[in-house]
Amino acid sequence: MIYLEKSQPAPECLVSEKAKASGDYKCGDTLNRIKDDFKNKCYICEYKEPVTINVEHFRPHRGDRDLMFLWENLFWSCGHCNNVKLDNYTDIIDCTDIGENIEQRIKISIKAFPMEQVDVEALDNNPSTLSTVQLLNAVYNGTTKLKSIESNNLRTKIQTDIADFRKYLFEYFDDRLDEVDKEYCLLQIKKHLKRAANFTLFKRVIIRENEVLRNEFEQYFD
């Protein structure tokens, strides 16, 4: 999870659709707006351009039409994460609220070896932090036998992407690199650290955990 700003105002069609008996909260330009706001990545696992996409209700609506059509409650999720979350998590960190300061409340990492699990650590004892950690553990490390297979596939994607990120970090500090190649590495590192990138929080934790990397690259966090 990473902070992603929700655009305003809400799509006008949500009001009229809410008034209909069979109204659709995916009306008008709602889908494109949510896709753009969440950088076309799942807000939970941060997998960019997922092949299964759900408009997920951040707070489970359970038939409450106010929550069902509330713009601030419509999030972009992959099928895996939505099926893990369902309506079982009612108190998790809202990644669209900059005041929630999510990057200071959760540490997330994975070792660079096959079959490693994701380590999700709460950095405070806030109930919403603990609930978010529980959800992320389920998403990244699996619950049922089938979900564990999906989670393993997801972890492989994460490790592959982080390996590419680490490659540019190593190359950037290679004294044999000329200035042109170093600038190219810096450009790639910046791309990996953007909110719109795959698995951003994993990479930012890598930067924050190392003083040299932090001094060099934390300035590029958008």
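Presented here is an overview of the structure given in this document. (Residues numbered from 1 in each chain as written. Predicted model: local features only at pLDDT ≥ 70, side-chain atom pairs only at ≥ 80, totals over all residues. Heavy atoms only, no water.)

1. Comments concerning the pairing of strand S2 (residues 74-78)
Line of reasoning, step 1. With five of five residues buried, S2 is to be regarded as a mostly interior element.
Line of reasoning, step 2. Alternating residues of S2 divide into Leu-74, Trp-76 and Cys-78 and Phe-75 and Ser-77, and every residue in both groups is buried.
Line of reasoning, step 3. Examined bridge by bridge, strand S1 (residues 53-57) and S2 share five bridges and lie antiparallel to one another. Bridging across to S2, Val-55 finds its partner in Trp-76. (Buried < 20%, exposed > 50% of the residue type's maximum accessible area, 1.4 Å probe, protein only. Helix = DSSP H or I, 4+ residues; strand = E, 2+ residues; numbered from the N terminus. Pairing = 2+ DSSP bridges.)

2. Points about the nonpolar core
Line of reasoning, step 1. Grouped together as the largest cluster of nonpolar side chains are 60 residues, with contacts concentrated most on Tyr-43, Ile-44, Ile-108, Val-139, Tyr-140, Phe-202 and Phe-217.
Line of reasoning, step 2. For Tyr-140, the contacting residues outside a window of four places in its chain are Ile-44, Cys-45, Glu-46, Ile-108, Val-118, Val-120, Ser-151, Leu-154, Arg-155, Ile-158 and Phe-202. (Core = buried A, V, L, I, M, F, W, Y, C linked by side-chain atoms within 4.5 Å. Contact = heavy atoms within 4.5 Å.)

3. A look at the pattern of salt bridges
Line of reasoning, step 1. Going through the model one piece at a time under the given rule, you end up with 19 salt bridges.
Line of reasoning, step 2. For Asp-66, the salt bridge is made with Lys-18, and the minimal N-O distance between the two is 2.3 Å. With Asp-66 in helix H3 (residues 65-68) and Lys-18 in helix H1 (residues 13-18), this residue pair connects regions lying 48 residues apart in the sequence.
Line of reasoning, step 3. Looking at Asp-66, the relative accessible area reads 47%, which means it is partly exposed. (Salt bridge = Lys/Arg side-chain N within 4 Å of Asp/Glu carboxyl O.)

4. A few points about a negative patch on the surface
Line of reasoning, step 1. Together, Glu-171, Asp-178, Glu-179, Asp-181 and Glu-183 make up a region of like negative charge exposed at the surface.
Line of reasoning, step 2. If you trace the backbone, Glu-183 turns up in helix H7 (residues 179-193). (Patch = residues over 30% accessible without salt bridge, like charges linked within 9 Å, V, L, I, M, F, W, Y side chains within 5 Å. Areas by Shrake-Rupley, 256 points an atom, 1.4 Å probe, with all protein chains shown as cover. Lys, Arg positive; Asp, Glu negative; His and termini not counted. Charge placed at Lys NZ, Arg CZ, Asp CG, Glu CD.)

5. Structural notes on the packing of aromatic side chains
Line of reasoning, step 1. Per the stated rule, a full pass over the model turns up 13 aromatic pairs.
Line of reasoning, step 2. When the ring of Tyr-168 is compared with that of Tyr-184, the centres are 6.2 Å apart and the planes differ by 70 degrees; the resulting orientation is edge-to-face. Of this pair, Tyr-168 sits in helix H6 (residues 145-172) while Tyr-184 sits in helix H7, and the two are 16 residues apart along the sequence.
Line of reasoning, step 3. Seen from their ring centres, Tyr-172 and Phe-173 are 5.1 Å apart, and the 85 degrees between their planes marks the pair as edge-to-face.
Line of reasoning, step 4. Overall, the relative accessible area of 8% leaves Tyr-172 in the buried class.
Line of reasoning, step 5. Phe-173 gets classed as partly exposed once you look at its relative accessible area, which sits at 38%.
Line of reasoning, step 6. Among the aromatic residues, those joined into a ring-pair cluster are Phe-38, Tyr-43, Phe-58 and Phe-75. (Phe/Tyr/Trp six-rings, centres within 6.5 Å; stacked < 30°, edge-to-face > 60°.)

6. Comments concerning the layout of surface pockets
Line of reasoning, step 1. Quantified by volume, the largest pocket comes out at close to 260 Å³.
Line of reasoning, step 2. Lining the largest pocket are 14 residues, and of these Tyr-47, Thr-52, Cys-78, His-80 and Glu-150 sit closest to its centre.
Line of reasoning, step 3. Where the lining of the largest pocket is concerned, the elements lending two or more residues are helix H4 (79-85) and H6. (1 Å grid on protein atoms, 1.4 Å probe; cavity = no way out; pocket = protein on both sides within 12 Å on 5 of 7 lines; lining within 4 Å. Points joined across faces, edges and corners; volume = space filled by probe spheres on them.)

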